Amino acid sequence: MILFSLALLLCLCLLFSPTPMKSFSSFVLGPFESLYFLGNLLNSATPLLIGSLGMCISLQGGSFNLGGEGQIYLGGFLCAILSIGLSSLGAFGAVLAVLISILAAAIVAGLSGLFKSLWKTSELISSYLISNALILIVNYLVTGPFQDPSTNLFSTQKIPQAFRLSKILLPSDLSSALLIALALCLLSWLLLYKTKQGYEFRLYGSNPRFCQYGGISPSFCQIAPMVISGGFYGLAGSLSVLGTYYSCVKEFSSQMGFNALAIALIARKHPILALPASLFFAWLSSGSRIAMQRTDVTVEMALIVQAAVFLLVTCTFAFKRKKSL
Amino acid sequence: MTLIHLDSITKAFGQTIACSSITLDIEQGEILCIAGENGAGKSTLMRILRGLETPDSGSISFMGQEGLIKSPSDALALGIGMVHQHFMLASSLTVAQNASLGSELRKGLFLDMEAMNAKVQAIIDECGFTIKATSLIDSLSVGEKQQAEILKLLFHDSKVLILDEPTAVLTDSETARLFDTLRALKAKGKTIILITHKMNEVLAISDKVAILRQGMLAGLYRTADMNIERLSSLLFGTILKSPAKAENPEAKAKKPVLVFDDVCVKKRNQKVLRLDHLSFTLHEGEILGFAAMEGNGIGFLEAVLGGFLPIKEGRIISQGLDITNFSSRKLRQMGLCYVPSDRMSTGSCQDASVMENLIIADRKKFFPRWVLDTKASKAFSDSLISQYSVQARSEMMMKSLSGGNIQKAILARELSQNGPYIVFAQPTWGLDIASTAAIWDRMKALRDSGRAILLLSSNLTEILALCDRVAVLCKGHIERMFINDASLNARILGSCMLGSKEEEQ
């Protein structure tokens, strides 16, 4: 499968690039050429991994949280302004800021779950709509009342030095958030496959009627997976701010939510498989960025390659899944 | 002339061997019955012939040529068609549209609906079917839907018709009509393969019968040489007697366990009563049966008992406790034992393991401090599996089990609960004689040990064999309550079930 996608990549390079071999090699090998590129790859995989873990849990529980974009953005924004506000509290303040961000995003996602259990509304649609509204509201706040007056950038003030996560692979941007993500990967697996709640989620996801019959509360299984995935998205947003951006930049979360969702689907809702899937995704996007910087590969071309490879991988997994049934 | 030759076909699903080296000849223009118990491999073998499954080893030759069937479309092109146990029809389309699906007649760019209707109607007339080409599938009864399914095969000019337990859902008169149709098709030179476990059907319709036992071919016999004793001993190893009637006269003296007091269920926003002032009392040590034609409220009664459907009026009391409108969750907390009629999606989760299916009611016990106790749950599940001789292992997926084994697993789980009463809804529907007898024996043993049992069933033989009292449900209310003594028989019950229905119309 990987060989095939490489071959496809090569074909596209031959077709569109005047220097095909150079484009191809920077695409494929670029991310591994230096610690700087490798670190950035891992760093961009981090929030995607966290978000997709939440999605794995929610999808296994039968809930489709399509509001990741807004929930990440909200988490990041709250974390940024709280960090500034709570700077006097030191490390405790940082933890508090992250917790509040997680809670806020979890509540927003949980609302969709609540609506579903009360009125049978589709959580997919309601979470998407709420998230779109949130993005606009946060956009206003970032460019309006909370904009950093010292720059012309559309972003909030920088968070205090003490709150920033440590870099673990200089000169790259890679922060210790990666370690948190790896720990969560394991925790999500434990939650889904070893705890009572995980058991209930999985059964509810595959057969809600059987769960009700067996005495599992349907509303719990409609709300809790949404709350958890919202919380994971909130965490992804706040760790991006604390570890990478140091402020809430306007629309920093763009595409993160959808990409995390795509990763969870590629990983077939399995939290451990989400790790390789998010690394693959990050490799693809950083490879195309490097190819763009070094050669005449255009943005469109890079996106086409990304989309093609992505489609291919999804197909491969979908077929495998069909065969195994 | 041998049309199809199956040569040592073997197919395993995981550790379960569904078909083990089966060699079978099927001749042109015969009606062949494939008979066997649940899980004997009948359906799997036919799915292989239809190209829906690939055998692990062995080969199929069609008219002397080997290796023609590699996929469902290959089989279809050769003229091998199958009517599945569960119908595969698009319910919002007409009979003709369903029949022609995939090979529509066209006029230019557009579908030629008129020509299709005419062609389908011609086949209908030729076969003496009762349906119309232009009726919507939704408006058909079960028997008529089956005609539509057979029509699909005839439209595609199938030479070999495979029918998977076609009579499971039919009434006696519908079955007789189906058999007439099959004989007529045979006269036209079609080859018909019938999967069944009903012995009287084998004797009534087939030319030959192939008997499968635990995935192996136990023999291919001419039906003319068969009688019911010989056939049942071949199928089950022992000759089964018809079940003895229940005799348990003291039931009335015992104390009440479940009381329904004027229970009403209304259709949302309408005045139609789905359950109409239902009142009855279930005592310990008795089996109370509910018999009804489909559509007379037995499904709603089941939903109320399972905690799925809230009631509008009345009270339900169990052992002094008012359990009116308890959710399934609360009913489970008091130990509800309930074997649902829909065993595939309500009673079990097909995409979970057998163990996960077995622990659901007792799950608190197996997650001490929220974390799964792997050893205890495995031990619990293994012990239920061996106690109820379910042919499965704890870690197997529920969907890899046969229907009979799924029902055994559900029974094992429900009877491990110790609620005040037990609800059985259609407990033996579609099961073979041996499994049915085992379930009946278990129910009698439970009754004799003093448990209170509610049996909802449309099978009158079952009702008469087990119940102490029988309530006949008509249009949501109890038409009559019978004591099941020597004078009660299926004819009396049947006319009571039908009689008032005709009166009202």
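> So what about the interface of chain A and chain B? Which residues, and what values?
In this assembly, 15 residues from chain A lie in contact with 21 residues from chain B. When contributions to the side of chain A that touches chain B are tallied by element, the ones reaching two or more residues are helix H9 (196–206) and helix H10 (208–213) of chain A. Among the elements that take part in the side of chain A that touches chain B, H9 of chain A stands out by supplying 5 residues, more than any other. Of the residues assigned to the side of chain A that touches chain B, the class counts are 4 nonpolar, 8 polar and 3 charged.

> I'd like a description of helix H15 (residues 433–448) of chain B, backed by residues and values.
Count 3.6 residues to each turn of an α-helix, and residues three or four apart come out pointing the same way. Residues and elements named next belong to chain B. For H15, with 16 residues, the first-to-last C-alpha span of 22 Å sits near the 22 Å given by 1.5 Å per residue. Within the span of H15, buried status applies to Ser435, Thr436, Ile439, Met443 and Arg447. Viewed end-on, H15 has its buried residues packed into an arc of 110 degrees, placing them on one side of the element. When the buried face of H15 is taken as reference, the exposed residues oriented beyond 90 degrees from it are Asp441, Ala445 and Asp448.

> Requested: an account of the sheet that holds strand E9 (residues 160–164) of chain B, with residues and values cited.
Residues and elements named next belong to chain B. Taken together, the 6 strands give an open sheet; going across it, the order is E6-E9-E10-E3-E11-E12, and neighbouring strands pair in mixed fashion. The open sheet has two free edges, formed respectively by strand E6 (80–83) and strand E12 (216–222), since each of these has just one partner strand. Taking each pair of neighbouring strands and ignoring which way they run, the sheet shows an average axis angle of 20 degrees. In the packing of helix H5 (residues 142–155) onto the sheet, contacts are made with E6 and E9, and the angle to E6 comes to roughly 170 degrees.

> I'd love a proper account of the packing of helix H4 (residues 35–60) of chain A against helix H8 (residues 177–194) of chain A, names of residues and values included.
Residue and element names in this part refer to chain A. Remark: H4 packs on H8, axes separated minimally by 9 Å, with the N-to-C direction vectors making an angle of 15 degrees. Of the possible angle classes, the one that applies to H4 and H8 is roughly parallel. Read as a crossing pair, H4 and H8 show a hand that is left-handed. Where H4 abuts H8, its residues Leu42, Thr46, Leu49, Ile50, Leu53, Cys56, Ile57 and Gln60 lie against Ala177, Leu178, Ala181, Leu184, Cys185, Ser188, Leu191 and Leu192. The residue inventory of the contact of H4 with H8, partitioned by class, reads 13 nonpolar, 3 polar and no charged.

> I'd like a description of the nonpolar core, backed by residues and values.
If you look at the biggest cluster of nonpolar residues, it comprises 171 residues, and the most contacted ones within it are Ile263 and Ala274 of chain A together with Val423 of chain B. If you tally residues by element for this core, the top one is helix H11 (residues 218–245) of chain A, at 13 residues. Residue-level mapping places this core at the junction of two domains, with at least three residues from each of domain 2 (241–336 + 419–505) and domain 3 (344–416) of chain B. Setting aside residues up to four positions removed in sequence, Ile263 of chain A forms contacts with Leu48, Ser52, Ala274, Ala277, Ser278 and Phe281 of chain A.

> Go over the domain arrangement of chain B with me, naming the residues and quoting the values.
Residues and elements named next belong to chain B. Here the domain parsing of chain B yields domain 1 (2–236), domain 2 (241–336 + 419–505) and domain 3 (344–416). Each partner contributes residues to the interface: domain 2 has 6 residues there, and domain 3 has 5 residues. Classifying every residue of the side of domain 2 that touches domain 3 gives 2 nonpolar, 2 polar and 2 charged.

> Pulling in residues and values, what's your account of the sheet that holds strand E21 (residues 469–474) of chain B?
All names here are of chain B. Taken together, the 6 strands give an open sheet; going across it, the order is E18-E19-E20-E15-E21-E22, and neighbouring strands pair in mixed fashion. Each edge of the sheet is formed by a strand with only one pairing partner; in this case those strands are strand E18 (337–339) and strand E22 (477–483). Between one strand axis and the next, the sheet turns through 15 degrees on average, direction left out of account. With 5 bridges joining them, strand E15 (residues 287–291) and strand E20 (residues 452–457) adopt parallel strand pairing. Note that in E20 the partner of Gly289 across the bridge is Leu455. Sheet strands touched by helix H9 (residues 298–305): E15, E18, strand E19 (421–425), E20 and E21. Its angle to E20, the strand with the most contacts, is close to 145 degrees.

Definitions and limits used
- Residues numbered from 1 in each chain as written.
- Chains lettered and ligands numbered in written order.
- Predicted model: local features only at pLDDT ≥ 70, side-chain atom pairs only at ≥ 80, totals over all residues.
- Contact = placed C-beta atoms within 7 Å.
- Helix = DSSP H or I, 4+ residues; strand = E, 2+ residues; numbered from the N terminus.
- Nonpolar A, V, L, I, M, F, W, Y, C, P; charged D, E, K, R; others polar.
- Expected span 1.5 Å × (residues − 1).
- Buried ≥ 20, exposed ≤ 12 C-beta atoms within 10 Å, placed from the backbone.
- Arc of directions from axis to C-beta.
- Pairing = 2+ DSSP bridges.
- Axes fitted to C-alpha atoms, helices over the stretch in contact; angles between N-to-C directions.
- Parallel < 35°, antiparallel > 145°, perpendicular 65-115°, else oblique.
- Left-handed = near helix turned anticlockwise from the far one by under 90°.
- Core = buried A, V, L, I, M, F, W, Y, C linked by C-beta atoms within 7 Å.
- Domains from an automatic or database assignment.

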